[in-house]
Amino acid sequence: MPEAPLAAAAPVAAPPQTRQERPSPLVLLGLCWVALMLLVAVFGDFLQPFPYTQMDLRNRLSPPVGFGGTWLHPLGTDELGRDVLSRLIASVRTSLVIAFGATVVGAVLGTTLGFLAAHFRGIVEQAVLALVDFSASIPFLILALAVLAFFGNSMGLFVLLLGLHAWERYARIARGLAISASAQGYAGAVRQLGASPWRVYGRHILPNIASTLIVSMTLAFPEVILLESGLSFLGLGVQPPDTSLGNMVGYGREYLTRAPWILLAPACVIVLTTLSVSLIGDWLRDRLDPTLR
Amino acid sequence: MLRFAASRLARAALTLAMVVTFAFLVLIASGDPADIIMGSDAPPEAVEAFRQAWGLDRPIWEQWLGYFGAVLTGDLGRSMRDGRPALDLVLERVPQTLAITLPALAIKLGLGIPAGVYAALHRNSFADRAVMALAVAGFTIPSFVLGLLLVLVFAVQLGWLPSGGDGTWRHAVLPVVTLGIGGAAVLARFTRSAMLEVLGQPYIRTASAKGVPWRLVVSRHALPNAAIPTVTIVGFMVGTLIAGAVVVESVFSWPGVGRLLVTAVANRDLAVVQCVLLLVAATMVMANLVVDLLYGLLDPRLRGAPRGAAGG
């Protein structure tokens with residue numbers, strides 16, 4: 001068994017369980033879907049049959065193929081005759097870029113603060129913990145809405161704002177793991193050899209806790225997608241002419257009775273993407289992270 | 001226990017103070033009200049007079065104290081749209097929001113906890129897999145998609161229920177179901193893993209090895225211990241009773257606090273936004289406080305433990 005060392009590292013008292021060594025078919029499907037989405041995001045410009053803002057007024061509200069539509073617009077068109085497939089491709093790119101950006105911002109910020117708390121202890125640690133309490137005291141959606149109300153909206157601010165989501169989770173994990181790592185031999189040893197704190201945390205502790213952090217990022221990623229699409233759905237996230245998945249759903253809602261495909265296509269993509277990433281995240285957690293089981 | 005309660009109370013007060021400070025800082029950072037209200041071409045003397053009249057020329061910390069005092073006396077400013085006190089505007093929407101979030105909470109608890117416990121007790125059975133599949137679906141389908149799908153089926157196709165608005169109990173059905181299903185799925189998943197964690201503990205094996213009937217092992221030993229982590233998430237759900245329906249209220253045009261907030265954000269009606277923010281934070285902090293105190297009651301080990309050891 002190639003995965004034996006990890007399994008053996010689990011505490012002896014843990015109940016015997018059927019640990020999955022290979023990804024199940026569902027996880028494989030999830031991986032395929034995420035790969036497809038990544039390809040779409042990267043090569044979106046070449047894949048779009050039409051520019052996503054181009055109108056085709058003679059083919060307004062044309063249904064998708066299979067429901068009376070033509071191959072000219074495989075997923076149909078909206079009320080301005082804009083190609084739903086092209087808009088979907090552009091939306092996938094926007095939503096994924098925002099979600100990636102925000103997840104990375106959150107992880108870097110949270111991990112840094114967690115390390116600072118673990119390194120300095122005392123008042124710094126108390127301040128970080130107080131901030132953690134603060135962000136746990138308000139549902140993130142409300143906080144985000146408040147910030148958007150006061151500062152207005154721009155793409156950069158929006159990504160930073162979503163990055164604040166879940167920062168406290170990384171901070172808590174990084175602090176806890178860094179404290180326990182400092183108590184272990186290796187961190188003390190490199191410190192004794194004269195390594196700077198930067199080196200100790202960056203080169204020695206970070207690689208040791210990276211798997212836990214990566215698992216948290218995978219689990220936070222779908223939440224960020226849901227937040228982004230929720231805010232955009234409310235009309236407070238990504239603003240036209242840019243388009244995102246939530247934006248498309250919010251927009252298509254007005255044509256729910258006449259042209260449900262405008263809304264169903266992005267809704268399916270949101271659900272499949274969050275589902276796939278969650279499945280992969282759960283699988284990774286079972287595989288990589290002995291501390292969470 | 002008293003010391004435990006006092007320290008938790010102090011922490012709750014501190015958190016609330018931080019929220020008020022946050023609201024104040026955001027207000028300061030969002031721009032000088034004198035410039036915004038007077039316009040950029042107002043004569044400098046008029047702007048200066050305005051700043052003096054509203055205390056904007058005083059040092060920041062004095063303004064902060066003044067703001068604190070205003071919040072404590074319930075003076076949260078007036079809505080820029082209709083000039084009424086923001087607090088009144090928000091408070092009159094609260095019953096409408098509770099009218100859908102309370103029944104939804106009942107659904108979450110009534111479906112989620114039993115489903116989670118059942119799944120854990122019958123691990124790897126068909127029922128377990130079904131519960132888990134539903135739970136994952138409940139987590140990954142955003143509430144606005146679920147809501148719109150329900151509208152498509154029950155309002156558009158079948159015509160059984162209205163698609164939005166308020167008035168009769170029939171209008172509340174779809175919002176309540178939308179909120180309840182998603183929450184129940186999350187709670188079931190959480191309860192299941194809490195229960196599995198407990199069932200793997202040595203004291204469960206000890207209890208059943210010494211001949212205690214399985215039914216009693218579950219009810220006396222497993223359930224109370226699994227209740228401890230579950231209380232956290234239930235507390236969180238209670239804390240979001242007021243704010244948890246922002247998206248769903250917007251989907252169904254339900255006139256609650258959430259929809260008020262979305263409109264206020266779109267119109268940049270800052271007083272109303274601030275008021276909702278403070279109200280929501282106050283509810284969350286209260287709910288967290290109750291959860292912390294319940295923790296102390298449920299688990300004597302935590303009474304003396306410093307914050308952080310318990311997770312949080």
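Refer to the structure above for everything that follows.
So, a few notes on the structure that sits alongside this text. (Residues numbered from 1 in each chain as written. Chains lettered and ligands numbered in written order. Predicted model: local features only at pLDDT ≥ 70, side-chain atom pairs only at ≥ 80, totals over all residues.)

**Notes on the interface of chain A and chain B**
Let me state the cut-off plainly: Here, residues touch in the contact sense if the C-beta positions derived from the backbone fall within 7 Å of one another. Where helices and strands are cited, they refer to DSSP runs of H or I of at least four residues and of E of at least two residues respectively, numbered from the N terminus. Each residue gets one of three labels, nonpolar for Ala, Val, Leu, Ile, Met, Phe, Trp, Tyr, Cys and Pro, charged for Asp, Glu, Lys and Arg, and polar for the others, Gly among them.
If you look at the interface, chain A gives 40 residues, while chain B gives 40 residues. Ranked by the residues each element gives to the side of chain A that touches chain B, the list is headed by helix 5 (residues 140–151) of chain A, at nine residues. Considered class by class, the residues forming the side of chain A that touches chain B number 31 nonpolar, seven polar and two charged.

**What about helix 13 (residues 257–267) of chain B?**
The line we're drawing: Our exposure labels follow a C-beta count within 10 Å of each residue's own C-beta, placed from the backbone: buried means 20 or more other C-beta atoms, exposed means 12 or fewer, and partly exposed covers the counts in between.
The element helix 13 of chain B is extensively covered by neighbouring structure, given that eight of its eleven residues are classed as buried. Of all the residues in helix 13 of chain B, the buried ones are B:Val257, B:Gly258, B:Arg259, B:Leu260, B:Leu261, B:Val262, B:Ala264 and B:Val265. Contacts from the buried residues of helix 13 of chain B go to helix 5 of chain A together with helix 5 (86–91), helix 6 (94–121), helix 12 (246–251) and helix 14 (270–298) of chain B.

**Focus on unusual backbone geometry**
All names here are of chain A. The phi torsion at Arg121 lies on the positive side, around 50°, for a residue other than glycine. Locating Arg121 in the fold gives a position in the loop between helix 3 (84–120) and helix 4 (122–136). Since 12 C-beta atoms lie within 10 Å of it, Arg121 is described here as exposed. Not every positive phi belongs to a glycine, and Ala166 is a case in point at roughly 70°. You can see Ala166 is positioned in the loop between helix 6 (155–163) and helix 7 (167–183).

**Here we look at the packing of helix 3 of chain A against helix 11 (residues 261–288) of chain A**
Residue and element names in this part refer to chain A. Convention followed: Note on geometry: axes are lines fitted to C-alpha atoms, helical ones only across the stretch in contact, with angles between N-to-C directions running from 0 to 180 degrees. For a crossing to be left-handed, the near helix must be turned anticlockwise from the far one by less than a right angle; the clockwise case is right-handed.
Where helix 3 meets helix 11, the closest approach of the two axes is 10 Å, and the angle between their N-to-C directions is 35°. The interaxial crossing formed by helix 3 with helix 11 has right-handed handedness. Seen from helix 3, the contacting residues are Val84, Leu88, Ser91 and Val92; seen from helix 11, they are Trp261, Ile262, Ala265, Pro266 and Val269.

**Considerations on the packing of helix 6 of chain B against helix 9 (residues 169–199) of chain B**
Residues and elements named next belong to chain B. The contact between helix 6 and helix 9 brings their axes to 6 Å, and the two run at 30°. Seen along the crossing, helix 6 lies across helix 9 with a hand that is right-handed. Looking at the contact of helix 6 with helix 9 residue by residue, the class counts come to 22 nonpolar, six polar and three charged.

**Notes on the nonpolar core**
What counts, and what does not: We call a set of buried Ala, Val, Leu, Ile, Met, Phe, Trp, Tyr and Cys residues a nonpolar core when their C-beta atoms link them within 7 Å.
Ranked by size, the top nonpolar core spans 155 residues in total, and within it A:Leu145, B:Leu261, B:Val272, B:Val273, B:Val276 and B:Val280 carry the most contacts. With 15 residues, helix 3 of chain A is the largest single contributor of residues to this core. If near-sequence neighbours (up to four positions away) are discounted, B:Val272 is found in contact with B:Ser79, B:Ala86, B:Leu89, B:Val90, B:Leu260 and B:Ala264.

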